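Read off the chains here:
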Amino acid sequence: MYKDYPAAYQVSKGAALQVDKAFYDRVRESGAGRTLIEQFEVPIRTGRAWKVPAGHVFRVTTPIGPQVGDFNVWNANDPRERMWAARTRQLQGAHVSTYDRLWSNLPFLRPMVTITDDSLAGYGIDEHGGRLHDLLGTRCDPYVNKMLTGEDFHHHCHSNLTRAVLPHGLTEFDVHDVLNIFQCTGLNHDDMYFMKACPAKQGDYLEFFAEIDLLCALSTCPGGDLSLPMWGPDAQDPLTVCRPLGVEIYRLDEALLEGWRSPARAAYNGNHGLLIPKAEWEK
Ligand SMILES: [Zn+2]
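What counts and how
Residues numbered from 1 in each chain as written. Predicted model: local features only at pLDDT ≥ 70, side-chain atom pairs only at ≥ 80, totals over all residues. Heavy atoms only, no water. Helix = DSSP H or I, 4+ residues; strand = E, 2+ residues; numbered from the N terminus. Rg over C-alpha atoms; globule rule 2.2 N^0.38 Å. Buried < 20%, exposed > 50% of the residue type's maximum accessible area, 1.4 Å probe, protein only. Contact = heavy atoms within 4.5 Å. Lys, Arg positive; Asp, Glu negative; His and termini not counted. Charge placed at Lys NZ, Arg CZ, Asp CG, Glu CD. Pairing = 2+ DSSP bridges. Axes fitted to C-alpha atoms, helices over the stretch in contact; angles between N-to-C directions. Donors = N, O, S within 2.8 Å, 3.2 Å for Na, K, Ca; no water. Salt bridge = Lys/Arg side-chain N within 4 Å of Asp/Glu carboxyl O. UniProt positions renumbered as here; feature names shortened; annotations may be inferred.

When its secondary structure is counted, the chain shows 5 helices and 13 strands. For the chain, whose C-alpha radius of gyration is 20 Å, the value lies close to the compact-globule estimate of 19 Å for 283 residues. Taking the principal axes of the C-alpha coordinates as reference, the chain spans close to 70 × 50 × 45 Å. A buried classification covers 46% of the 283 residues belonging to the chain. When contacts within the chain are restricted to residue pairs at least 6 apart in sequence, those whose partners lie at least 24 apart make up 76%. The average position of the 28 basic charges and that of the 36 acidic charges among the side chains of the chain differ by 5 Å.

If you walk across this open sheet you meet the 6 strands as β1-β13-β3-β11-β7-β6, and the pairing is antiparallel. Of all strands in the sheet, those bounded by a partner on one side alone are β1 (34-42) and β6 (101-103). On average, each strand axis in the sheet is inclined to that of its neighbour by 25 degrees, with strand direction left out of account. Strand direction decides the pairing type here: strand β3 (residues 57-62) and strand β13 (residues 245-252), joined by 5 bridges, are antiparallel.

In the segment running from L106 into P107, the intervening peptide bond is cis, with an omega of 5 degrees. With respect to the helices and strands, P107 occurs in the loop between β6 and β7 (111-118). The phi dihedral of H133 falls on the positive side, at around 65 degrees, and the residue is not glycine. With respect to the helices and strands, H133 occurs in strand β8 (residues 131-134).

The next subject is the coordination of the zinc ion. Bound to the zinc ion on the protein side are C140 (SG), C157 (SG) and C221 (SG), at distances that span 2.2 to 2.3 Å. In the primary structure, the donors to the zinc ion are separated according to the pattern C-x16-C-x63-C. Note that C140 is positioned in the loop between β8 and α3 (142-149) and C157 in helix α4 (residues 157-165), a separation of 17 residues in sequence. Each of the two residues, C140 as well as C157, counts as buried.

This paragraph deals with the pattern of salt bridges. Side chains that differ in charge, positive against negative, can pair when their charged atoms come close. According to the stated counting rule, one finds 11 salt bridges in the structure shown. With a closest N to O distance of 2.7 Å, R59 and E207 form a salt bridge. A residue pair is termed long-range when its members are at least 10 positions apart, and R59 in strand β3 and E207 in strand β11 (residues 204-210) qualify at 148 residues. The pair formed by R59 and E207 is uniform in burial state, with each residue classed as buried. The shortest N-O distance in the salt bridge between R139 and D177 comes to 3.1 Å. In this pair, R139 sits in the loop between β8 and α3 while D177 sits in the loop between α4 and β9 (179-187), placing the two residues 38 residues apart along the sequence. Residue classification places D177 among the partly exposed positions, given a relative accessible area of 40%.

Here, UniProt's "domain: DUF1989" (unreviewed entry) annotation points to residues 41-215. Helix makes up 14% of residues 41-215 and strand makes up 36%, while its end C-alpha atoms are separated by 17 Å.

Most of β7 is tucked away, with 8 of its 8 residues classed as buried. As paired elements, β6 and β7 share 3 bridges and run antiparallel to each other. The partner of W103 across the bridge, within β7, is P111. Here β7 runs beside β11; their pairing, made up of 5 bridges, is antiparallel. When the bridges of β11 are listed, V113 appears paired with A210.

As structure tokens, then:
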């Protein structure tokens, strides 16, 4: 194996990457301080979108057994702001768990959610370097499927997410690189992306705290628990290993939110050196 090397993105100024763990611990352990306000299942090979107000909590669950979910998230008030998987990989990690944030794209660049609980956190890193809740890969889509297999299939995650967001005025162009919830992935010695069978069991969950007003969307991946290969010589239809996912949304008691503030967008003024003050011209 390789020697270790320090992370590139480190905090040198300010506290943007520092998480108030005591606050998120309180949210996780809120018990009677939280009220379930909405709960639904996303059937196999479909997508669903839902809103979560800032300061609320939501969970994605495995109500029956292993299943991976492709997750997208936007600012509910301005869908140009959405999750930025690449920067989140750099700021947090290529796989995320409790206390990690999902960051938004430019010019916003703020935490959209903070993960408050992960029933699979104990999985850690396996013998192949596999880890859970993947930001390395992206959604399956019908274009790459057609390219690889020659066949049309309309229930890939990209299509499921597209259908899910249409009622909210968004289109295929708004669907973006996902967080693959419950998905075990890594890079092999050839630097190639691998996916392993999902280790989730009935009742597992990943829990998020909404830092801003959110529109979320989730696809129950047609690959199901990813225990069967979807491409290559051994490819088969994984319909038998597809299961629904659950979503639960909770309101928190006001007292729990004391001291928390919805994060502001990044402080950079957006000039990019284009706006030159008049005084500079006169020098
Ligand atoms: Zn998929």
